[in-house]
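# A structural walkthrough
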2 protein chains.
Amino acid sequence: MITIAIDAMGGDHGLEVTIPASVNVVDSHLQVKLILVGREAQIRERLDQHRCANRDRISVQSASEIVAMDDPPAFSIRKKKDSSMRVAVNLVKDGIADACVSAGNTGALMGTAKFVLGTIRGIDRPAICGILPRISGSAYVLDLGANVDVSPEILFQFGIMGSQLIESYEGRSSPTVGLLNIGVEEGKGDEAIKAAAELFKNSSLNYVGYVEADHIFMGDTDLIVCDGVLGNVALKASEGVAQFIMSVIKQEFTSSAFNKLSALVSRPTLNAVKSRLDHRRYNGATLMGLNAVVVKSHGGTDTVGFGCAIEYAVKSAGSGLVERISQRIAARMETETIRESVSAAQADRESPGVTSCSTQE
Amino acid sequence: MITIAIDAMGGDHGLEVTIPASVNVVDSHLQVKLILVGREAQIRERLDQHRCANRDRISVQSASEIVAMDDPPAFSIRKKKDSSMRVAVNLVKDGIADACVSAGNTGALMGTAKFVLGTIRGIDRPAICGILPRISGSAYVLDLGANVDVSPEILFQFGIMGSQLIESYEGRSSPTVGLLNIGVEEGKGDEAIKAAAELFKNSSLNYVGYVEADHIFMGDTDLIVCDGVLGNVALKASEGVAQFIMSVIKQEFTSSAFNKLSALVSRPTLNAVKSRLDHRRYNGATLMGLNAVVVKSHGGTDTVGFGCAIEYAVKSAGSGLVERISQRIAARMETETIRESVSAAQADRESPGVTSCSTQE
């Protein structure tokens with residue numbers, strides 16, 4: 001049985017979306033328990049409006065406050081200690097829930113989760129990993145917007161975390177990893193990305209080199225690593241284009257009587273296209289690098305989308321993701337320590353005194 | 001009459017694309033002369049294979065070398081002085097052509113154009129401005145990949161150049177300008193973008209604030225300003241998604257006998273969709289900030305796309321773009337100089353001697 005804490009008040013639509021999504025999830029997943037966190041009376045009232053065959057697997061945890069979509073992270077952490085978001089994260093910290101899901105303010109969720117749960121030892125910055133669609137399979141992209149300025153070392157940590165997510169999530173070992181850049185040639189990009197490329201090359205990750213942003217959707221690299229700014233721009237640009245194309249299709253299929261007729265004939269096919277491009281199916285991004293699984297849902301999503309985010313949390317919580325990342329990072333720190341002591345010992349042997357260094361030459 | 005120099009050897013397909021595109025352009029534009037630059041015998045041989053009613057408006061200029069798609073910019077400038085790209089740019093420098101078009105190596109073209117033509121006085125870095133499609137109208141995005149590290153001042157110069165391009169190109173005054181960022185709220189982004197926002201706010205540009213990347217395709221801001229890395233990622237991500245969606249549509253419409261039939265019925269509508277999404281219609285990006293018009297075509301484009309790039313150069317060359325930018329930048333430099341001397345004079349009046357400053361208080 002996996003227990004997920006739900007920030008029932010979070011997101012643009014709050015209970016209107018979180019309650020029916022939760023009901024659907026417990027009714028379709030036998031091994032899932034949900035704890036709905038928020039204003040108890042309101043939650044119970046909403047729950048009563050839905051038929052739920054498995055109501056016994058839904059419980060309610062009271063929380064009096066709500067983090068607003070524009071609350072600064074520091075404010076929500078310091079001033080809203082009884083928010084639905086904070087209490088949901090606390091339930092994970094206290095071992096009562098295995099993971100939590102929120103459609104609330106991304107910055108506040110990241111800040112709260114980092115503050116309450118802490119990061120895995122050896123991880124400098126948590127990051128957001130999302131899944132984007134492809135003709136076959138999906139692309140994992142990390143970071144989708146949590147970190148503005150990142151060092152090469154942090155990009156490399158993103159590579160480790162993302163690889164572990166794919167291994168535990170897809171059951172595929174040694175996924176391919178690419179660094180998002182403005183060209184695939186060696187000399188492209190700024191100094192930070194070139195330094196990151198060196199770290200990836202000298203690691204045990206299955207690094208394939210630089211990739212360009214079209215590769216996210218048309219390529220075959222499993223994990224695309226980038227800073228949060230590039231990740232956000234790639235994600236938002238893709239959302240914009242997808243919306244634009246769907247609008248063009250709609251406009252053209254309704255532009256004349258004949259076109260409307262052809263839309264009628266093609267409806268099953270057009271619906272299949274729409275369903276495959278449905279971004280709700282990809283809703284739910286994991287906040288990675290924390291000592292527990294926290295999933296962020298898109299703030300404006302609907303019942304279907306929020307349901308996907310809960311399912312994503314169920315899958316992540318059951319996959320031992322945090323332990324895998326911890327082990328991998330610990331192993332790396334150990335190797336680094338051994339390497340450092342070996343080079344220190346070597347340096348000692350080669351030049352026992354600082355001053356003798358130049359006289360030996 | 002407008003004369004355009006064509007780098008006939010440039011791009012992935014060279015003469016195979018540049019020659020038929022050139023023939024089409026002179027046959028459909030009565031006020032255009034083209035100078036095809038490259039290996040003369042090959043060009044003439046190719047030209048003879050096409051029927052051209054206005055062959056008298058096409059001339060050939062010999063150039064013995066070709067810049068390879070992977071030649072480093074410095075190498076192409078120093079070692080390939082008789083390349084088709086270089087000679088085409090020289091023709092503009094010498095006033096023989098009004099503008100030039102190349103589908104060759106972007107870095108080499110930017111480097112060559114900057115070296116031969118020089119930048120407009122007061123412009124620190126040339127940049128690439130592209131046009132992207134929308135439901136109604138288009139979005140101009142600057143920079144699309146020329147500049148990796150940019151200062152707030154340079155972003156602001158991009159704003160001036162792009163605004164002038166839109167004014168001269170669309171005949172619309174005071175176009176709206178947005179800064180690409182990872183959120184629209186005031187506090188978002190790094191220090192450089194916040195400083196750039198201040199410059200835009202305190203200028204006469206029609207600045208509307210931060211915009212996110214989906215806004216490029218679904219918003220209504222005329223000009224989106226960003227550094228070359230973000231511009232490149234937004235552009236490439238959008239290309240990838242568009243390709244992905246078109247592949248999904250194709251797959252679904254051929255996945256069964258019934259779907260194939262519905263594709264047949266919907267063919268005119270699907271063709272209309274395809275035509276509106278045809279990226280070739282948006283081919284041709286202006287290298288801005290130079291002392292003349294240089295247009296970069298996508299390297300892998302076909303005859304239709306390269307023809308659009310030539311038409312874009314015709315339009316830009318006839319619009320007085322360079323003069324407009326020069327005037328605007330000169331006016332700004334003058335205002336800045338006046339402002340500086342006024343504040344210097346004020347400072348002098350207020351504190352005639354450095355030491356007296358503290359004694360007066």
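Everything here concerns the structure above.
In every chain, residue numbers begin from 1 and rise along the written sequence. Chains carry letters and ligands carry numbers; both start at the beginning, A for chains and 1 for ligands, and go up in the order they are written. Note on the predicted model: pLDDT of at least 70 is required for a residue's local features to be given, and 80 or more for side-chain atom pairs to be given and counted; whole-chain, interface and lining totals, by contrast, use all residues. Computation of side-chain values: all heavy atoms of the structure, hydrogens and water removed.

## Comments concerning the overall build of chain A
Basically, it comes down to this: Think of it this way: any DSSP run of H or I at least four residues long counts as a helix, any run of E at least two long counts as a strand, and we number them from the N terminus. Any two residues having at least one pair of non-hydrogen atoms within 4.5 Å are treated as being in contact. For accessible areas, the Shrake-Rupley method is used with a probe of radius 1.4 Å. Any residue's cover is judged against the shown protein chains and nothing else. His is not counted, nor are the chain ends; Lys and Arg add positive charge and Asp and Glu add negative charge. Charge placement uses NZ in Lys and CZ in Arg. For Asp and Glu, CG and CD serve respectively.
Check the secondary structure of chain A and you find 14 helices and eleven strands. Dimensions of chain A along its principal axes, counting C-alpha atoms only, are 90 × 55 × 35 Å. Looking at chain A alone, contacts between residues at least 24 apart form 71% of all its contacts between residues at least 6 apart. Carbon and sulfur atoms make up 50% of the accessible area of chain A, which amounts to about 15700 Å² in all. If you average the places of the 36 positive and of the 42 negative side-chain charges in chain A, the two averages end up 6 Å apart.

## A word on helix α9 (residues 228-253) of chain A
Residues and elements named next belong to chain A. Stated formally: Helix span is expected to be 1.5 Å times the residue number reduced by one. Here's how the labels work: a residue is buried when its accessible area is under 20% of the maximum for its type, exposed when over 50%, partly exposed in between, all with a 1.4 Å probe on protein chains only. Definition of a polar contact: a pair of N or O atoms within 3.5 Å, with one able to donate and the other able to accept a hydrogen when the atoms are protein atoms, and with sequence-neighbouring residues admitted only if both atoms are side-chain atoms.
The terminal C-alpha atoms of α9, which comprises 26 residues, lie 37 Å apart, in line with the 38 Å expected from a rise of 1.5 Å per residue. Most of α9 is tucked away: 19 of the 26 residues are buried. You can read the cap of α9 off the contacts: a side-chain oxygen lies 2.9 Å from the backbone nitrogen of V229, and it is on D227.

## A closer look at the sheet that holds strand β8 (residues 206-211) of chain A
Residues and elements named next belong to chain A. What counts is decided by this rule: Strands are treated as partners if at least two bridges between them are detected by DSSP. Here an axis means a line fitted to C-alpha atoms, over the contact stretch when the element is a helix, while the angle between two N-to-C directions is reported on a 0 to 180 degree scale.
In space, the eleven strands of this open sheet follow the order β3-β2-β1-β4-β11-β10-β5-β6-β9-β7-β8, with mixed pairing throughout. The open sheet terminates on both sides in strands that have one partner only, identified here as β3 (58-62) and β8. Pairs of neighbouring strands in the sheet enclose a mean axial angle of 25 degrees, with direction left out of account. As defined by bridge partners, strand β6 (residues 138-142) adjoins strand β9 (residues 223-225) across three bridges and the pair is classed as parallel. Within the sheet, the bridge partner assigned to V141 lies in β9 and is I224.

## Remarks on the pairing of strand β7 (residues 176-180) of chain A
Regular strands place side chains that alternate from one sheet face to the opposite one. All names here are of chain A. Applicable threshold: By definition, the crossover connecting two strands over a helix is right-handed if that path, from the first strand to the second, turns clockwise as seen with the strands pointing away from the viewer.
For β7, the tally of buried residues reaches five of five residues, placing the bulk of the element in the interior. Where burial is concerned, the two faces of β7 agree: the one with T176, G178 and L180 and the one with V177 and L179 are both buried. Once the chain exits β7 it traverses helix α7 (residues 191-201) before rejoining the sheet at β8, and the crossover so formed is right-handed. Relative to β9, β7 runs parallel, the two being bridged by three bridges. Following the sheet pairing, L179 is matched in β9 by V225.

## Quick notes on the packing of aromatic side chains
Using the following cut-off: Side-chain rings of Phe, Tyr and Trp (the six-membered ring for Trp) are treated as a pair once their centres are within 6.5 Å; stacked means planes under 30 degrees apart, edge-to-face means over 60, and tilted covers the remaining angles. We call a charge positioned over a ring when the NZ of a Lys or the CZ of an Arg lies within 6 Å of the ring centre and within 35 degrees of the ring normal.
On inspection of all chains with the given rule, the structure shows eight aromatic pairs over all chains. Where B:Y140 meets B:Y169, the ring centres are 6.4 Å apart and the plane angle is 80 degrees; that geometry is what we call edge-to-face. With B:Y140 in strand β6 (residues 138-142) and B:Y169 in helix α6 (residues 152-170), this pair connects stretches of sequence that are 29 residues apart. Through a chain of ring-to-ring contacts, the aromatic side chains of A:Y140, A:Y169 and A:Y312 assemble into a single cluster. In this structure, B:K315 packs its charged tip against the face of B:Y169, placed 4.2 Å from the ring centre.

## Observations regarding unusual backbone geometry
Residue and element names in this part refer to chain A. The peptide bond linking L142 to D143 adopts the cis configuration, its omega dihedral lying at 15 degrees. If you trace the backbone, D143 turns up in the loop between β6 and α6 (152-170). The phi torsion at S174 lies on the positive side, around 50 degrees, for a residue other than glycine. Within the secondary structure, S174 sits in the loop between α6 and β7. Assessed through its relative accessible area of 40%, S174 is described here as partly exposed.

## Considering the side chain of B:N105
Residue and element names in this part refer to chain B. Within the secondary structure, N105 sits in the loop between β4 (99-102) and α5 (106-117). A distance of 2.7 Å separates a polar atom in the side chain of N105 from the backbone oxygen of D71. Here A108 takes part through its backbone nitrogen, which lies 3.0 Å from a polar atom of the side chain of N105. Ignoring anything within four residues of it in the chain, the contact list for N105 reads V67, A68, M69, D70, D71 and M85.

## A few points about the sheet that holds strand β10 (residues 285-288) of chain B
Within a sheet, adjacent strands bond to each other through the backbone by hydrogen bonds, running parallel or antiparallel. Residue and element names in this part refer to chain B. Here we have eleven strands laid out as an open sheet, ordered β3-β2-β1-β4-β11-β10-β5-β6-β9-β7-β8, and mixed in their pairing. Looking along the sheet, the strands with just one partner apiece sit at the ends: β3 (58-62) and β8 (206-211). Strand-to-strand twist of the sheet, defined as the mean angle between neighbouring strand axes without regard to direction, takes the value 25 degrees. Each of β2 (32-38) and β3 is contacted by helix α2 (residues 40-48), which is oriented at about 155 degrees to β3, the strand it contacts most. Sheet strands touched by α5: β4, β5 (127-133), β10 and β11 (293-296). Its angle to β11, the strand with the most contacts, is close to 175 degrees.

## A few points about the environment of A:M1
All names here are of chain A. Tracing the sequence through the fold places M1 in the segment before β1 (2-7). Among the residues examined, M1 registers a relative accessible area of 53% and is labelled exposed. Distance in space between the C-alpha atoms of M1 and L287 is 22 Å, their sequence separation being 286 residues. Beyond its immediate sequence surroundings of up to four residues, M1 is in contact with L30, Q31, V32, K33, R57 and D98.

## Side note on the relation of the copies chain B and chain A
So the rule is basically this: Here the copies were fitted onto each other by least squares, based on C-alpha atoms from residues at pLDDT of at least 70 in both.
Taken as rigid bodies, chain B and chain A are interconverted by a rotation of 180 degrees and an axial shift of 0.0 Å, the fit giving an RMSD of 0.1 Å. In short, the pair behaves as if placed about a two-fold rotation axis. The share of interface residues of chain B whose copies in chain A are also at the interface is 100%, consistent with both copies meeting through the same surface.

## With respect to the interface of chain B and chain A
Heads up, the condition is: Here's the idea: put two parts together, see how much 1.4 Å probe accessible area each one loses, and the total over both is what we call buried area. Salt-bridge detection follows one rule: a side-chain nitrogen of Lys or Arg within 4 Å of a carboxyl oxygen of Asp or Glu.
Each partner contributes residues to the interface: chain B has 48 residues there, and chain A has 48 residues. Area buried by chain B at its contact with chain A is led by B:I182, B:F244 and B:T269, which between them contribute 14% of it. The interface formed by chain B and chain A includes four salt bridges. For the salt bridge of A:R276 with B:E252, the shortest nitrogen-to-oxygen distance reads 3.0 Å. Counting across the chain B and chain A interface gives 15 residue pairs in polar contact (both at pLDDT 80 or more). Elements with a contribution of two residues or more to the side of chain B that touches chain A: α8 (214-218), α9 (228-253), α10 (257-265) and α11 (267-276) of chain B. The greatest single-element share of the side of chain B that touches chain A, amounting to 21 residues, is contributed by α9(B).

## Structural notes on the environment of A:S59
Residues and elements named next belong to chain A. Along the chain, S59 turns up in strand β3. You can call S59 partly exposed: its relative accessible area is 35%. In this structure, the C-alpha to C-alpha distance between S59 and I4, residues 55 residues apart in sequence, is 10 Å. When residues no more than four places from it in sequence are discounted, the contact partners of S59 are L34, I35 and L36.

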